[in-house]
Amino acid sequence: MKRRIFNQNLRISQLGKSGRIEDAIKIFSRMSQKNTVTYNSMITAYAKNGRVTDARTIFDKMPRKNLVSWNTMISGYLHNNKVDEAYDLFVKMPERDLFSWTLIITCYTRNGKLEKAKQLLDSLPCNYKKEAACWNAMIAGYAKEGRYDEAKSLFDEMPNKDLVSWNSMLKGHIQNGEMRLALQFFDEMLERDVVSWNLMIDGFVEQGDLDFAWEYFKKIPEPNVVSWVTMLSGFAKNGKILEARKLFDQMPTRNVVSWNAMISAYVQSCQIDEASNLFEEMPERDPVSWTIMINGHVRVGKLDEARKILEKMPYKNVAAQTAMISGYVQYNKMDEARQIFNEIDTRDVVSWNTMIAGYTQCRRMDEAVHLSRKMVMKDTVSWNIMITAYAQMGRMDRALEIFEEMGEKNLVSWNSLISGFTLNGLYLDALKWFMLMVHDGNKPDQSAFACGLSSCAIIAALQVGRQLHHLVVKSGFPNDLFICNALITMYCKCGRIPEAELLFKGIDHADIVSWNSLIGGYALNGCGKEALQLFQEMALEGVVPDQVTFISILSACSHAGFTDQGLELFKGMTEVYGMELLAEHYACVVDLLGRVGRLDEAFEIIKGMKTKANAGVWGALLSACRTHRNLELGKLAAQKLLEFEPDKTSNYVLLSNMHAEAGRWSEVQEVRSSMKDISAGKQPGCSWIEFRNQVYTFLSYDTSWPGAAQICGTLQTLTAQMRNIVCLYENSIQEF
DNA sequence: ATAGGGTTAG
């Protein structure tokens, strides 16, 4: 009987470990006789499958708890990131051993609560003070947060170092990207084991130093499976699939992880057939194997195949189902994604986040918000997703609320907020929060700088732009092409061509965006000659212009009055470059011809368009007609333009002014009244103010108010004052 | 059966 219970206990543990929780439950509930170990095993099985509340139910119901039961339950909380629950048990438990202490300290270090962890370490009972385990957990915690000095002083202070201590310190160096220090430390280590060597290989792989990784791999006295797999995946990450396969074939022993690593290598290089072959061949599969295969098929766009694999998977887990969800999300199939999401029995943070981010990407905001409200345990990623969602809905008020209420923020949180402001045209806010981010001790990355600089460009905030330029240099990004291009655009938009030119000259390998930025800058600032010259230089360098280049160069010609060169280039687009013409290109040419009064030619070009005309094309013709007083063509252009933009009052104003200039007052009246019809039907945007409990509404061009002249006068004064405030605000931003 | 350092997945 005892033998039987022992075997069944073992079986529960195995099933729990391999994700087959339902089978474990079956055995557990069928057992007529259970001992304490049975309950303990079941607690672990539940906890390992994310069902920590079920684990707790077992813990509460079990007849006799021993010390291991308490520790096991705490361990369950540890692996499910439930610190408070773990600590509650730790306090309540009748006696504690070294395991209990190590577990609770690890709980806090894994969640970044290092001060509390240190407190616990300091209150360690004397008999455990000399043991290494708790110290090691603490050192690993410091290392993970990049607090290297504290890790080091603990390491020096601890009474009995063991191999794990040395390896924890070594890992600290490696996690900080300090391979030089790691090398030195590694050389000084009194003893090393295979883990030490594996850490070094991993560090080199992370840095992209494959040669060093390989050199160290060859030097390992007794490499184990982990060493082989680390090296294999190092090759895979750097696209060296053949070398990876060679290692796989040479490995003396292979386990599931080795197979998974090799399959993943093929998936990373999109060789799905090779991956499938290995998947069929492998002796045993675990949930990871299935997940890799699902992801692999998603990567090559075979969603149905991926789904078939998921259906065939014997014991589905959250990761596999989430891989499928993210596949559906990538192809905008939200309903299918939702179906999978609904089938998950224990949803974790990642699955919720994937689903909510999916709704956000597909612009199904109501569903995103709804689902987010239902989510209980949100992490930083969850909050970041919601900041983006609200920003896309134009609700920066909500986005900001979330940002201020959320606990721990990361760089993505800041970037989401800042790009939200930019997206919604709140450029000053974007810059203000950029500076607050820096002030808060964060290092802005590429995308933060891109947002900040484009905000500066749009509002032509040269001084803040320069400030950002300094920060770029200080942050170690002076040679980043992406940022350089953003800087060039910023300087151009602020009218500082020399600075832009200087930056452009400093670039090692300019890409098409760099060339386009400067050519566009020349165009914007009316430097037609320079634009054409740069365009020629670009051709000499062998850089092929793209559609954006032509928009810039055509508009440069237009602004500078280089009509014939412009026409020549326009012809060349199809004849020389075989390029597809966009409506924007036509708009440029219409503008080019229109400016010099060649209205009929412009009209002919529009009539011969292969792509559909847009508002830009007709708008260009209309304003040319106004300049050159061609009322007939102008009327036609206006009519077409209003088909595209029936709500835009400025178009009506333009047309009515044309009539007025020609002295055709009845037509002026006609346009005005059609404008009124449109406005009446469209519910024009009205403004309102509240004054002494009374709401007053008013429309633009509304002069029916008593004292309208006085109101307008006051308004002008206010506008001037606001301009001053904006200037002051800009200055204050710089003071950070 | 439970802890501290190294490999494959969402």
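Everything that follows concerns the structure shown earlier in this document.
Note that this is a predicted model, so its numbers are computed, not measured.

1. Side note on the environment of isoleucine 551
So, step 1. Tracing the chain through its elements places isoleucine 551 in helix 36 (residues 547–560).
So, step 2. Overall, the relative accessible area of 27% leaves isoleucine 551 in the partly exposed class.
So, step 3. Taking the C-alpha atoms as reference points, isoleucine 551 and alanine 587, 36 residues apart in sequence, are found 9.1 Å from one another.
So, step 4. The contact partners of isoleucine 551, leaving out residues within four places of it in the chain, are Glu584, His585 and Cys588.

2. Some details on the protein's contact with DNA strand B
So, step 1. As a structural note, the neighbourhood of DNA strand B is formed by 44 residues, with Asp162, Asn167, Lys171, Asp193 and Asn224 the closest of them.
So, step 2. Protein-proximal atoms of DNA strand B, defined as those within 4 Å of the protein, fall in sugar or phosphate at a share of 43%.
So, step 3. Side-chain polar atom of asparagine 40 to a base nitrogen of DNA strand B: 3.1 Å apart, as the coordinates give it.
So, step 4. Taking arginine 110, its side chain carries an N or O atom lying 2.9 Å from a phosphate oxygen of DNA strand B.
So, step 5. Considering every element that reaches the surface near DNA strand B, the biggest residue donor is helix 7 (residues 98–110), with six residues.
So, step 6. Within the surface near DNA strand B, the residues separate by chemical class into 18 nonpolar, 20 polar and six charged.

3. Considering the pattern of salt bridges
So, step 1. The final tally for this structure, using the stated rule, is 24 salt bridges.
So, step 2. The residue aspartate 564 makes a salt bridge to arginine 598 at a minimum N-O spacing of 3.5 Å. You can see aspartate 564 sitting in helix 37 (residues 563–575) and its partner arginine 598 sitting in the loop between helix 38 (583–595) and helix 39 (599–607), a full 34 residues away along the chain.
So, step 3. The partly exposed category is assigned to arginine 598, whose relative accessible area is 27%.
So, step 4. In the salt-bridge network here, residues are joined through shared partners; they are Glu22, Arg51 and Asp54.

4. Structural notes on the side chain of aspartate 23
So, step 1. Inspection of the secondary structure assignment puts aspartate 23 in helix 2 (residues 21–30).
So, step 2. Beyond its immediate stretch of four places on either side in the chain, aspartate 23 contacts Leu15 and Tyr315.

5. Thoughts on the packing of helix 18 (residues 256–268) against helix 19 (residues 272–281)
So, step 1. Packing of helix 18 against helix 19 brings their axes to within 8 Å, and their N-to-C directions diverge by 160 degrees. It follows that helix 18 is roughly antiparallel to helix 19 by the angle criterion. For the element pair helix 18 and helix 19, the recorded crossing hand is left-handed. On helix 19, the residues touching Trp259, Met262, Ile263, Tyr266 and Val267 of helix 18 are Glu274, Ala275, Leu278, Phe279 and Glu281.
So, step 2. For the contact of helix 18 with helix 19, the class distribution of residues is eight nonpolar, no polar and two charged.

6. Focus: a nonpolar patch on the surface
So, step 1. Side chains of Val544, Val576 and Tyr577 sit close together on the surface and give an oily, nonpolar patch of about 300 Å² of accessible area.
So, step 2. Checked against the element boundaries, valine 576 lands in the loop between helix 37 and helix 38.
So, step 3. Classification of valine 576 as exposed rests on a relative accessible area of 62%.

Analysis parameters
Residues numbered from 1 in each chain as written. Chains lettered and ligands numbered in written order. Predicted model: local features only at pLDDT ≥ 70, side-chain atom pairs only at ≥ 80, totals over all residues. Heavy atoms only, no water. Helix = DSSP H or I, 4+ residues; strand = E, 2+ residues; numbered from the N terminus. Buried < 20%, exposed > 50% of the residue type's maximum accessible area, 1.4 Å probe, protein only. Contact = heavy atoms within 4.5 Å. Near = heavy atom within 4 Å. Polar contact = N/O pair within 3.5 Å; in protein donor to acceptor, adjacent residues only side chain to side chain. Nonpolar A, V, L, I, M, F, W, Y, C, P; charged D, E, K, R; others polar. Salt bridge = Lys/Arg side-chain N within 4 Å of Asp/Glu carboxyl O. Axes fitted to C-alpha atoms, helices over the stretch in contact; angles between N-to-C directions. Parallel < 35°, antiparallel > 145°, perpendicular 65-115°, else oblique. Left-handed = near helix turned anticlockwise from the far one by under 90°. Patch = residues over 30% accessible without salt bridge, like charges linked within 9 Å, V, L, I, M, F, W, Y side chains within 5 Å. Areas by Shrake-Rupley, 256 points an atom, 1.4 Å probe, with all protein chains shown as cover.

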